[in-house]
Amino acid sequence: MKIFADTAEVDAIRRLSEAGLIDGITTNPSLIAKSGRNFLEVVAEIAGIVDGPVSAEVTALDTDTMLKEADVLAAIAPNICIKLPLTMDGLRACKALTAKGLQTNVTLCFSVNQAILAAKAGATYVSPFVGRLDDINLDGAALLRDIRTAYDNYETFNTQILAASLRTANHVTDAALAGADAATIPPAVIEGLSKHPLTDKGLDGFIKDWKATGQSIL
Ligand code: E4P
């Protein structure tokens, strides 16, 4: 499963990229607002840090303006992936951008039927929002599993499932068990995935016993 960092915070992206842990980045207008940075500038900086896809989201609601915005975003760097909302206008724009050979990420997916349309539109990625379904007492992980099953029924569906709105380590496990192709995860959650109390306890014991031998490797 590919791991994308779900953030527009450049310091966190650098840290994770240097650790070799991330395959790409997703941003959205809310994350850009949170960063306090200029959209085009911060996306250009991020695209220079990571080699993989950097999702940058259009903000227009109609296809024609989405396509104009996509031209601006795509010109930033070759690894920009145009993020589009899962609406009829977004799907039309997705089809047109796919025909131009651009990467696309169709976002705000909350149903199998929406994911089917994203695949028909030729999306590179579809982003089902797990956490936002859980927020309203629905089953986000079940949606990932169902989209996986639906896509696997048809060889012509090549869209990758990018599990999004993941807020916890358990969400990440859910995404992997559901067979998501990629998961986009907030940096703090990515770093938290390395933690286990038995790892810390075991390491303490090994280091204590090693010190008692009086030996040194170097
Ligand atoms: C990423 O593509 C999504 O925009 C993001 O994961 C949404 O996460 P949220 O539901 O926690 O805002």
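Described below are features of the structure shown in this document. Remember, it's a predicted structure, so these values are computed and weren't measured experimentally.

### A look at the packing of aromatic side chains
Stage number 1. Scanning the entire structure with this criterion turns up four aromatic pairs.
Stage number 2. With a centroid separation of 5.7 Å and an interplanar angle of 80 degrees, the aromatic rings of Phe4 and Tyr125 are classed as edge-to-face. Remark: Tyr125 occurs in strand E6 (residues 125–128) and Phe4 occurs in strand E1 (residues 2–6); sequence separation between them is 121 residues.
Stage number 3. Ring centres of Phe110 and Phe129 lie 5.5 Å apart, and the angle between their planes is 65 degrees; this geometry places the pair in the edge-to-face category. Note that Phe110 is positioned in the loop between strand E5 (103–109) and helix H6 (112–120) and Phe129 in the loop between E6 and helix H7 (130–135), a separation of 19 residues in sequence.
Stage number 4. Note on Phe129: relative accessible area 7%, which makes it buried.
Stage number 5. Each residue in the set Tyr151, Tyr154 and Phe157 is aromatic and connected to the rest through ring pairs, giving one cluster.

### What to know about the packing of helix H1 (residues 10–18) against helix H3 (residues 39–49)
Stage number 1. Running from N to C, H1 and H3 point in directions that differ by 10 degrees, and their axes come no closer than 10 Å. Relative to H3, the element H1 lies roughly parallel. Residue-level inspection shows Val10, Ile13, Arg14 and Ser17 of H1 in contact with H3, the latter providing Val42, Glu45, Ile46 and Ile49.
Stage number 2. The residue makeup of the contact of H1 with H3, split by class, is five nonpolar, one polar and two charged.

What counts as what
Residues numbered from 1 in each chain as written. Predicted model: local features only at pLDDT ≥ 70, side-chain atom pairs only at ≥ 80, totals over all residues. Heavy atoms only, no water. Phe/Tyr/Trp six-rings, centres within 6.5 Å; stacked < 30°, edge-to-face > 60°. Helix = DSSP H or I, 4+ residues; strand = E, 2+ residues; numbered from the N terminus. Buried < 20%, exposed > 50% of the residue type's maximum accessible area, 1.4 Å probe, protein only. Axes fitted to C-alpha atoms, helices over the stretch in contact; angles between N-to-C directions. Parallel < 35°, antiparallel > 145°, perpendicular 65-115°, else oblique. Contact = heavy atoms within 4.5 Å. Nonpolar A, V, L, I, M, F, W, Y, C, P; charged D, E, K, R; others polar.

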